[in-house]
Amino acid sequence: MVSSTRSSTAQPVCVLGSTGSIGVSTLDVLARHPDKYSVFALTARERVEELAQQCRKYAPRYAVVLEEEKAVQLRQALSGENLPTEVMCGVDALCQVASDARVAVVMAAIVGAAGLKPTLAAVRAGKKVLLANKESLVMAGPLFMSALADSDAQLLPIDSEHNAIFQCLPYPCESLQDAGVERILLTGSGGPFRTADPAALESVTPDEACAHPNWSMGRKISVDSATMMNKGLEFIEACYLFHASPAEIQVVVHPQSIVHSMVQYRDGSLLAQMGNPDMRTPIAHALSFPQRIDSGVAALDLILQGRLDFEAPDEARFPCLRLAREAIDAGGSAPTTLNAANEVAVEAFLNGQLPFTGIARVIEKVMKTSEVVELTDLDAVELADRIARERASEILKDLYGSCSADSTHRGQPCPQSRSM
Ligand SMILES: NC(=O)c1ccc[n+]([C@@H]2O[C@H](COP(=O)([O-])OP(=O)(O)OC[C@H]3O[C@@H](n4cnc5c(N)ncnc54)[C@H](OP(=O)(O)O)[C@@H]3O)[C@@H](O)[C@H]2O)c1
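The structure displayed is predicted, hence computed values, not measured ones.

## Let's talk about the domain arrangement of the chain
Here is step 1 of the chain: For the chain, the domain assignment lists domain 1 (3-158), domain 2 (166-276 + 301-305) and domain 3 (319-400).
Here is step 2 of the chain: Put simply, the middle of domain 2 and the middle of domain 3, counted by C-alpha atoms, are 22 Å apart.
Here is step 3 of the chain: Across the boundary between the two partners, domain 2 contributes 21 residues, which contact 19 residues of domain 3.
Here is step 4 of the chain: For the side of domain 2 that touches domain 3, the secondary structure elements donating two or more residues are α8 (206-210), α9 (219-227) and α10 (229-241).
Here is step 5 of the chain: Take the side of domain 2 that touches domain 3: its biggest share by element is 7 residues, from α10.

## Remarks on the sheet that holds strand β3 (residues 62-65)
Here is step 1 of the chain: Ordered in space as β4-β3-β2-β1-β5-β6-β7, the 7 strands form an open sheet in which the pairing is parallel. Of all strands in the sheet, those bounded by a partner on one side alone are β4 (86-89) and β7 (154-157). Ignoring which end each strand starts from, the neighbouring axes of this sheet average 25° apart.
Here is step 2 of the chain: Direction of pairing for strand β1 (residues 11-16) relative to strand β2 (residues 37-43): parallel, over a ladder of 5 bridges. Paired with P12 across the bridge in β2 is S38.
Here is step 3 of the chain: Sheet contacts for helix α3 (residues 68-78): β3 and β4; angle to β4, the most-contacted strand, approximately 165°.

## Notes on the pairing of strand β8 (residues 181-188)
Here is step 1 of the chain: Taking burial as the measure, the 8 residues of β8 include 6 buried ones, the bulk of the element.
Here is step 2 of the chain: Of the strand pairs in this sheet, β8 and strand β10 (residues 259-265) are connected by 4 bridges, and their pairing is antiparallel. Across the sheet, the residue bridging to L185 is M262, located in β10.

## Section: the site of the ligand
Here is step 1 of the chain: G17, G20, E46, A114 and G218 are the nearest of the 30 residues found near the ligand.
Here is step 2 of the chain: Those elements that provide at least two residues to the shell around the ligand are α1 (21-31), α6 (134-149) and α9.
Here is step 3 of the chain: When residues in the shell around the ligand are grouped by element, the largest group, 3 residues, is from α1.
Here is step 4 of the chain: Split into classes, the residues belonging to the shell around the ligand amount to 13 nonpolar, 10 polar and 7 charged.
Here is step 5 of the chain: When we break the shell around the ligand down by domain, the ones giving at least three residues each are domain 1 (3-158) and domain 2 (166-276 + 301-305).

## A few points about the pairing of β1
Here is step 1 of the chain: Between β1 and its parallel partner β2, the chain crosses via α1, and the hand of that crossover is right-handed.
Here is step 2 of the chain: With 4 bridges joining them, β1 and strand β5 (residues 105-108) adopt parallel strand pairing. Bridging from a neighbouring strand, C14 pairs with V106 of β5.

## Some details on unusual backbone geometry
Here is step 1 of the chain: Here Y171 and P172 are connected by a cis peptide whose omega angle stands at -5°.
Here is step 2 of the chain: Along the chain, P172 turns up in the loop between α7 (160-168) and β8.
Here is step 3 of the chain: Notably, M228 is not glycine yet its phi reads approximately 70°, a positive angle.
Here is step 4 of the chain: With respect to the secondary-structure elements, M228 resides in the loop between α9 and α10.
Here is step 5 of the chain: A residue is classified by how many C-beta atoms lie within 10 Å of it, and M228, with 30 of them, is buried.

## Examining the sheet that holds β10
Here is step 1 of the chain: Taken in spatial order, the 4 strands of this open sheet run β9-β8-β10-β11, and their pairing is mixed. Lying at the two open borders of the sheet, with one neighbouring strand each, are β9 (249-253) and β11 (270-274). Across the sheet, the mean angle separating the axes of adjacent strands is 20° when strand polarity is ignored.
Here is step 2 of the chain: As paired elements, β10 and β11 share 5 bridges and run antiparallel to each other. Across the sheet, the residue bridging to Q264 is L270, located in β11.
Here is step 3 of the chain: Contacts from α10 reach β8 and β9, with the element oriented near 155° to β8.

## Here we look at the nonpolar core
Here is step 1 of the chain: In terms of nonpolar packing, the biggest core is built from 125 residues, with V106, A108, L130, A324 and A345 touching the most fellow members.
Here is step 2 of the chain: Apart from the residues within four sequence positions on either side, A324 is in contact with M229, G232, L233, F235, I236 and L338.

## Here's the deal with the environment of Q250
Here is step 1 of the chain: By the secondary structure assignment, Q250 is in strand β9.
Here is step 2 of the chain: Spatially, the C-alpha atom of Q250 lies 19 Å from that of P157, the residues being 93 residues apart in sequence.
Here is step 3 of the chain: Setting aside residues no more than four positions away along its own chain, Q250 makes contact with R183, L185 and L186.

## Considering the confidence of the model for the chain
Here is step 1 of the chain: Taken as a whole, the chain shows an average pLDDT of 94; of its residues, 94% reach a score of 70 or greater.
Here is step 2 of the chain: Below a pLDDT of 50 lies the segment residues 403-420, which in the model reaches 46 contacts outside its immediate sequence neighbourhood of four places, other chains included.

The rules behind each value
- Residues numbered from 1 in each chain as written.
- Predicted model: local features only at pLDDT ≥ 70, side-chain atom pairs only at ≥ 80, totals over all residues.
- Domains from an automatic or database assignment.
- Contact = placed C-beta atoms within 7 Å.
- Helix = DSSP H or I, 4+ residues; strand = E, 2+ residues; numbered from the N terminus.
- Pairing = 2+ DSSP bridges.
- Axes fitted to C-alpha atoms, helices over the stretch in contact; angles between N-to-C directions.
- Buried ≥ 20, exposed ≤ 12 C-beta atoms within 10 Å, placed from the backbone.
- Near = placed C-beta within 6 Å.
- Nonpolar A, V, L, I, M, F, W, Y, C, P; charged D, E, K, R; others polar.
- Right-handed = clockwise from strand over helix to strand, strands pointing away.
- Core = buried A, V, L, I, M, F, W, Y, C linked by C-beta atoms within 7 Å.
- pLDDT = per-residue confidence, 0-100.

What follows is the structure, given as structure tokens:
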């Protein structure tokens, strides 16, 4: 248990999605700084044994799971261990720990739309929110940003690209124009299929899609990286986070994932943030901002690295990038629809219900047949999300004979996703 070394000045941290790839990396950084941070709450969905182990190590005040059955299992696993940990379950409990008055920092690392409510709860409660859960911003961008503006919360991006952009901009940065920014260069590796024969994409397996060349991540984001929908979601995320128009953001493929993104200024300067591809760097940066702390990541050796390549994205090979651009251009509920259809399609792909290339096909069909409406409140977001999921399930059934209305991730991590 690391709690014995807790300092009374340590900031209590709530880690939403602690059993995931980002959650585990966050705990690794926190464990390096017991004088600065303590673990207040940990949350998970399926991986009860991993959560129990984390509770034994970090002795949080709360451990939250989604379903009662998992809560029973967790209580059994922890019984007789003399921990201060209370086990709770359900979405309300997630929101409760994310907004608890004792919490200083919330790591929002639940995957998918399920992260929206607890992340919004943290924002509304004025927390320092470290945002990994890009889907919540994509599905509810204007609402999310207005909740942020109405609160005392501080939002710090964890996505390595957005964290890099944040580092290359002045702080605070209310307007790109006023800061002299000409454009943001959002880099992406191009994923495992950047140079694959397009005809071979039809038959790639989930494990092949999850085998990212540079990053070790959860299954859903790994598939998103392989389709480049991840870059599309990040494109939308960057528009909201940095008050940028789509024309101010250019996607650049950079296969080595060393330059995490760049900002080009009016005077010809191009600022880049570089580092080895390890999420502990943006996590440590955001946790300690504006200070710098050790993250456990080795320094980048540019001589060893040797070369850095850049190229334009191939939107014919990766239609998801175009679909994301069309969604942000359409505005309103279109990004919500895009995100929901993607979650349904990715889960169906992971379950072997449709081919890899079917992901973009299903999303495009959902986008084409969905009405774009204004999102005035959270209910409207949830309705648009639900309609898009139902539509995606119908289209899946029509095209591939399978159906998946509940697209929330239930899978196990990729074989390599704990190697960080
Ligand atoms: N991994 C990366 O390097 C990376 C980089 C940038 C951004 N992100 C973003 O960070 C988020 C997390 O990614 P990840 O790769 O860490 O995902 P992951 O490994 O799949 O972990 C997801 C976490 O969320 C929990 N969870 C899943 N569904 C849930 C639900 N319905 N309700 C409550 N909790 C739920 C999981 O619990 P169980 O595992 O116990 O089921 C797990 O703790 C995503 O939004 C992703 O886009 C990730």
